[in-house]
Amino acid sequence: QAQLVESGGGLVQPGGSLRLSCAASGSIVVVNVMNWYRQAPGKQRELVAAVGRGGTTDYADSVKGRFTISRDNAKNTVTLQMNSLKPEDTAVYYCNADVLTYGSTKLRAYWGQGTQVTVSS
């Protein structure tokens, strides 16, 4: 089993910055792709950014140029640096990762509990 724990959410004014972090722990063999999703009230959960084990990244068009995803394979952590935040970025942000754990033969998707990001003046 593995667990993902996020931190770093909060309230910020438009144009401000926040940094989200997520740490994977447990009986981990390897963590494959790591993602950040978000879900705003009344909307579907959407993929914000992804980073592969080799560092390849992908972003939703709405956050390109403003958000940066990075990871530390040695620590099994992923970070989302969010700059130039807009009110429409307000959502619960979830960390997600495909993890192979000891005793398993397949990667399994794990989710964090979510962290609230509110962008408001």
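For the structure, check the block above.
Residues numbered from 1 in each chain as written. Predicted model: local features only at pLDDT ≥ 70, side-chain atom pairs only at ≥ 80, totals over all residues. Heavy atoms only, no water.

## A closer look at the overall build of the protein
The number of helices and strands found in the protein is zero helices and 11 strands. From first element to last, N terminus to C terminus, the protein shows the α and β order β-β-β-β-β-β-β-β-β-β-β. Expected size for 121 residues packed as a compact globule is a radius of gyration near 14 Å; at 14 Å, the protein falls within 12% of this value. C-alpha extents for the protein along the principal axes are approximately 50 × 25 × 20 Å. The proportion of buried residues among the 121 residues of the protein is 41%. In the protein, of all internal contacts separated by at least 6 residues, the share reaching a separation of at least 24 is 56%. (Helix = DSSP H or I, 4+ residues; strand = E, 2+ residues; numbered from the N terminus. Rg over C-alpha atoms; globule rule 2.2 N^0.38 Å. Buried < 20%, exposed > 50% of the residue type's maximum accessible area, 1.4 Å probe, protein only. Contact = heavy atoms within 4.5 Å.)

## Some remarks on the state of the cysteines
Taken as a whole and assessed by the stated rule, the structure comprises one disulfide. Covalent S-S linkage joins Cys22 and Cys95, the inter-sulfur distance amounting to 2.1 Å. Looking along the S-S bond of the Cys22-Cys95 disulfide, the torsion reads about -80°, which is the left-handed sense. Within this pair, whereas Cys22 is found in strand β3 (residues 18–26), its partner Cys95 is found in strand β9 (residues 91–101), the two being separated by 73 residues in sequence. Judged by relative accessible area, which is 1%, Cys22 ranks as buried. Judged by relative accessible area, Cys95 falls into the buried class, the value being 0%. (Disulfide = S-S within 2.5 Å.)

## Things to note about the pairing of strand β7 (residues 67–72)
Residues Phe67, Ile69 and Arg71 of β7 are buried on one face, while the alternating residues Thr68, Ser70 and Asp72, pointing to the opposite face, are not. Summarising the sheet, β7 and strand β8 (residues 77–82) pair through six bridges and their orientation is antiparallel. Counterpart to Phe67 in the pairing with β8 is Met82. In textbook terms, the turn of a hairpin is the stretch between consecutive antiparallel strands, and for β7 and β8 this stretch comprises four residues, one of which, Asn76, has a positive phi near 55°. (Pairing = 2+ DSSP bridges.)

## Some words on the environment of Leu85
Topologically, Leu85 is positioned in the loop between β8 and β9. Taking C-alpha positions, Leu85 is 5.4 Å from Pro14, a pair spaced 71 residues apart along the chain. If we skip the residues at most four places from it in the chain, Leu85 touches Val12, Pro14, Gly15, Gly16, Ser17, Leu18, Arg66, Phe67 and Val119.

None of this, on its own, says anything about what the molecule does.
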